[in-house]
Amino acid sequence: MKSAVENLTPTRVKLNVEVPFEELKPSIDEAYKTVASQIQVPGFRKGKVPSKLIDQRVGRGYVLETAINEGLNGWYQAAVQESGIRPLSRPEVEITEVPDPTSTDGELKFHAEVDVRPEIELPDYAGIKVEVAAAESSDEDVDKALDELRGRFGTLKSVDRPAADGDFLTIDITATIDGADVDSASGLSYQVGAGTMLEGLDEAVTGLSVDEDAIFDTTLVGGDHAGESAQVKVVLKAVKERELPEANDDFAQLASEFDTLAELREDLAKQAADSKVVEQGVEARDKVLDKLVELVEVPVPDSVVEEQLEAHFKEGSGHGEGEHDTEEHREEVKANTARAFQNEIILDAIAEKEEVNVSQNELIDYIVSTASQYGMDPNQFAQIIDQSGQVPMMVSEVRRRKALAVVLGQATVTDSDGKAVDLSDFVRPGGEEEAPAVDGETETDAVEDATAGTEATPSDDPAAVKF
């Protein structure tokens, strides 16, 4: 078999393939077996009909057509391997020549047009300069952290006054559309200002006293009428405020391993300082990635964008997404998809140049941390991604993060005050981090099973990078 690549655009190629008759023959033999199992000829058992009789009954041309249809994907995949292209879309195949059915000679010729990953030229990314916000922890940061800690140990007490911001309420709600009740719930708990339930609820309940009600217009976010406009009546049943424990040595002993409030505040100050470094690291990382995208031109195939658009609005159908299918929203999805694709191509190229690899421990660490973000058990999460074939995509995600860490480690980072920012604690050299220990021998059993034998194989998922 011979194949040749013709570049149509930076992201689309035509693959011209020629399959000689001797390589067609095994497929033709299999096609005879397939046809023999499909026809019934008196005097012959099913599947045992001779080839000559098949030629008489259905014609050799039909057999040849069956052979080509069954073997086409295999020849295409072999040509892809031979040419080294990395397809991103389904190929558009056109058969241009087939052997003469009456002959035992000739060849099959076809071409396939397909979108491929673009080849890019990386710039010198060592020493990229970025500026981040100056970040120094203050007494206010420590006070805020202490108040948050006190809040975890706070108690709720009922109060006889109108509801105010921060209060914890018990409410009943009833939603109506065109005068008909469509949903209701009783005894719901809600904190004023949380913004986690319905738009307009905070304004409606603020100022209400127990047993008073208010009606407001909103858009429902759940149930059979999600995305529809409705009138909601809210009845206030109870108002409670959080009473915080006094910040003293007794509280320090209750809430931490420290004996005094001074020791607890000192530790909170250290945590606040570490948090500021992380904030600077995240800002620097994002700005370095922005710089890379500015420095490298990455063409984006239309098929990648169209596929993501279709998937986005198809998944959203039935959940109120139809109302958001606007030109503005589509442009936003297009821009996000294009940016994600550019991130992927650039970081994959850097990973290859820097010879970045992913260890099983690093992959396990990433899967465990991702599972916690979804609130899932790591073993259950690992089984899901293993069964859905997403482990290679996870490998690629970790590999790209490490590639970005390499660039960030070489960057020159200063803050808005002109001071150099040391991110050595945020970025380890070469991104070679060890996975932290996980309590319990069985915590990652399924994760290890899912990742066993996994190699750092790049994924072609255009949306795999989500920093």
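**Student:** Tell me what's going on with the overall build of the protein, and back it up with residues and numbers.
**Tutor:** When helices and strands are counted, the protein shows 13 helices and 11 strands. By the burial criterion, 37% of the 467 residues in the protein qualify as buried. Once local pairs closer than 6 in sequence are excluded, the contacts in the protein between residues at least 24 apart make up 69%. Of the roughly 26,600 Å² that the protein leaves accessible, carbon and sulfur atoms contribute 44%.

**Student:** Requested: an account of the pairing of strand β11 (residues 412–415), with residues and values cited.
**Tutor:** Side chains Val-413 and Asp-415 project from β11 onto a buried face, and the interleaved Thr-412 and Thr-414 project onto a face without burial. Sheet topology places strand β5 (residues 129–132) next to β11; 4 bridges connect them, and they run parallel. Note that in β11 the partner of Val-132 across the bridge is Asp-415.

**Student:** I'd like a rundown of helix α1 (residues 21–36), residues and numbers included.
**Tutor:** Residues lying three or four places apart along an α-helix face the same way, a consequence of the helix completing one turn every 3.6 residues. In a regular helix each residue adds 1.5 Å, so 16 residues correspond to 22 Å; α1 covers 22 Å between its end C-alpha atoms and thus fits that length. Among all positions in α1, only Phe-21, Leu-24, Ser-27, Ile-28, Ala-31, Tyr-32, Val-35 and Ala-36 are buried. Turning to α1, the residues buried within the fold contact β2 (12–20), α2 (51–57), α3 (60–83) and β4 (107–115).

**Student:** Could you give an account of the packing of helix α9 (residues 327–353) against helix α12 (residues 391–410), with specific residues and numbers?
**Tutor:** Taken N-terminus to C-terminus, the directions of α9 and α12 make an angle of 75°; their axes are 8 Å apart at the nearest point. Taken together, the axes of α9 and α12 are roughly perpendicular relative to one another. Each of Glu-344, Leu-347, Asp-348, Ile-350, Ala-351 and Glu-352 in α9 lies in contact with α12, whose residues at this interface are Arg-399, Arg-400, Ala-403, Leu-404 and Val-407. Here the residues of the contact of α9 with α12 sort into 6 nonpolar, no polar and 5 charged.

**Student:** Tell me about the pairing of β4, and please be specific about residues and values.
**Tutor:** In terms of strand pairing, β2 meets β4 through 9 bridges, oriented antiparallel. When the sheet's bridge partners are listed, Val-13 is paired in β4 with Val-114. Inspection of the sheet shows strand β3 (residues 92–97) paired to β4 by 5 bridges, in the antiparallel sense. Pairing of Glu-97 across the sheet is with Lys-109, part of β4.

**Student:** Break down the environment of Leu-146 for me, citing the residues and quoting the values.
**Tutor:** Here Leu-146 lies in helix α4 (residues 139–152). Of the residues examined, Leu-146 reaches a relative accessible area of 5% and is grouped as buried. When the C-alpha positions of Leu-146 and Ala-247 are compared, they lie 8.1 Å apart, and in sequence the two are 101 residues distant. The contacts of Leu-146, once residues within four sequence positions are left out, are Ala-247, Phe-251, Leu-261, Leu-264, Arg-265 and Leu-268.

**Student:** Which residues make up a negative patch on the surface, and what are the values?
**Tutor:** Taken together, Glu-246, Asp-249, Asp-250, Asp-259, Glu-263 and Glu-266 make up a surface patch of like negative charges. Looking at the negative patch, the elements that each hand over two or more residues are α6 (249–255) and α7 (261–295). Inspection of the secondary structure puts Asp-250 in helix α6.

**Student:** Which residues make up the sheet that holds β3, and what values go with them?
**Tutor:** Here we have 4 strands laid out as an open sheet, ordered β1-β2-β4-β3, and antiparallel in their pairing. Since the sheet does not close on itself, it has two edges, and those belong to β1 (2–9) and β3, each with one partner. Within this sheet the neighbouring strands show an average axis-to-axis angle of 20°, counted without direction. Lying over the sheet, α1 contacts β2 and β4, oriented at roughly 80° with respect to β2. α3 rests against β1, β2, β3 and β4 of the sheet, and its axis sits at about 60° to β4.

**Student:** Talk me through the pattern of salt bridges; I want residue IDs and the actual numbers.
**Tutor:** Scanning all chains against the criterion turns up 29 salt bridges. The residue Glu-136 makes a salt bridge to Lys-419 at a minimum N-O spacing of 3.5 Å. Taken together, the residues span a long stretch of sequence, with Glu-136 in the loop between β5 and α4 and Lys-419 in the loop between β11 and α13 (445–451) at a distance of 283 residues. A residue is classified by how much of its surface remains accessible, and Glu-136, at 61% relative accessible area, is exposed. Residue Lys-419 is classed as partly exposed on the basis of its relative accessible area of 44%. A salt bridge links Lys-287 to Glu-283; the shortest N-O distance between them is 3.1 Å. Of this pair, Lys-287 and Glu-283 both sit in helix α7, 4 residues apart, which is roughly one turn of that helix. Residue class for Glu-283 comes out partly exposed when judged on its relative accessible area of 25%. Connected through shared salt-bridge partners, Lys-157, Arg-161, Asp-167, Glu-241 and Glu-243 make up one network.

**Student:** Can you lay out a nonpolar patch on the surface for me, pointing to particular residues and giving the numbers?
**Tutor:** A cluster of nonpolar side chains, Val-93, Ile-95 and Val-98, forms an exposed patch at the surface whose accessible area comes to about 220 Å². Looking at where Ile-95 falls in the secondary structure, it is placed in strand β3. With a relative accessible area of 38%, Ile-95 lands in the partly exposed category.

**Student:** Could you give me a rundown of the packing of aromatic side chains, with the residues and numbers involved?
**Tutor:** Tallying each qualifying case throughout the model produces 2 aromatic pairs. Seen from their ring centres, Phe-153 and Phe-251 are 5.8 Å apart, and the 90° between their planes marks the pair as edge-to-face. With Phe-153 in the loop between α4 and β6 (155–158) and Phe-251 in helix α6, this pair connects stretches of sequence that are 98 residues apart. Their ring planes at 25° and their centres at 5.9 Å tell us that Tyr-374 and Phe-381 sit as a pair that is stacked. Taking the relative accessible area as the measure of exposure, Phe-381 reaches 7% and is therefore buried.

**Student:** So, the packing of α7 against α12: which residues are in play, and what are the values?
**Tutor:** Contact geometry of α7 with α12 gives a least axis separation of 10 Å together with a crossing angle of 100°. Between α7 and α12, the angle is such that the two are roughly perpendicular. Judged by residue contacts, Gly-281, Ala-284, Arg-285, Val-288, Leu-289 and Leu-292 of α7 engage Leu-404, Val-407 and Leu-408 from α12. Grouping the constituent residues of the contact of α7 with α12 by class yields 7 nonpolar, 1 polar and 1 charged.

Conventions and cut-offs
Residues numbered from 1 in each chain as written. Predicted model: local features only at pLDDT ≥ 70, side-chain atom pairs only at ≥ 80, totals over all residues. Heavy atoms only, no water. Helix = DSSP H or I, 4+ residues; strand = E, 2+ residues; numbered from the N terminus. Buried < 20%, exposed > 50% of the residue type's maximum accessible area, 1.4 Å probe, protein only. Contact = heavy atoms within 4.5 Å. Areas by Shrake-Rupley, 256 points an atom, 1.4 Å probe, with all protein chains shown as cover. Pairing = 2+ DSSP bridges. Expected span 1.5 Å × (residues − 1). Axes fitted to C-alpha atoms, helices over the stretch in contact; angles between N-to-C directions. Parallel < 35°, antiparallel > 145°, perpendicular 65-115°, else oblique. Nonpolar A, V, L, I, M, F, W, Y, C, P; charged D, E, K, R; others polar. Patch = residues over 30% accessible without salt bridge, like charges linked within 9 Å, V, L, I, M, F, W, Y side chains within 5 Å. Salt bridge = Lys/Arg side-chain N within 4 Å of Asp/Glu carboxyl O. Lys, Arg positive; Asp, Glu negative; His and termini not counted. Charge placed at Lys NZ, Arg CZ, Asp CG, Glu CD. Phe/Tyr/Trp six-rings, centres within 6.5 Å; stacked < 30°, edge-to-face > 60°.

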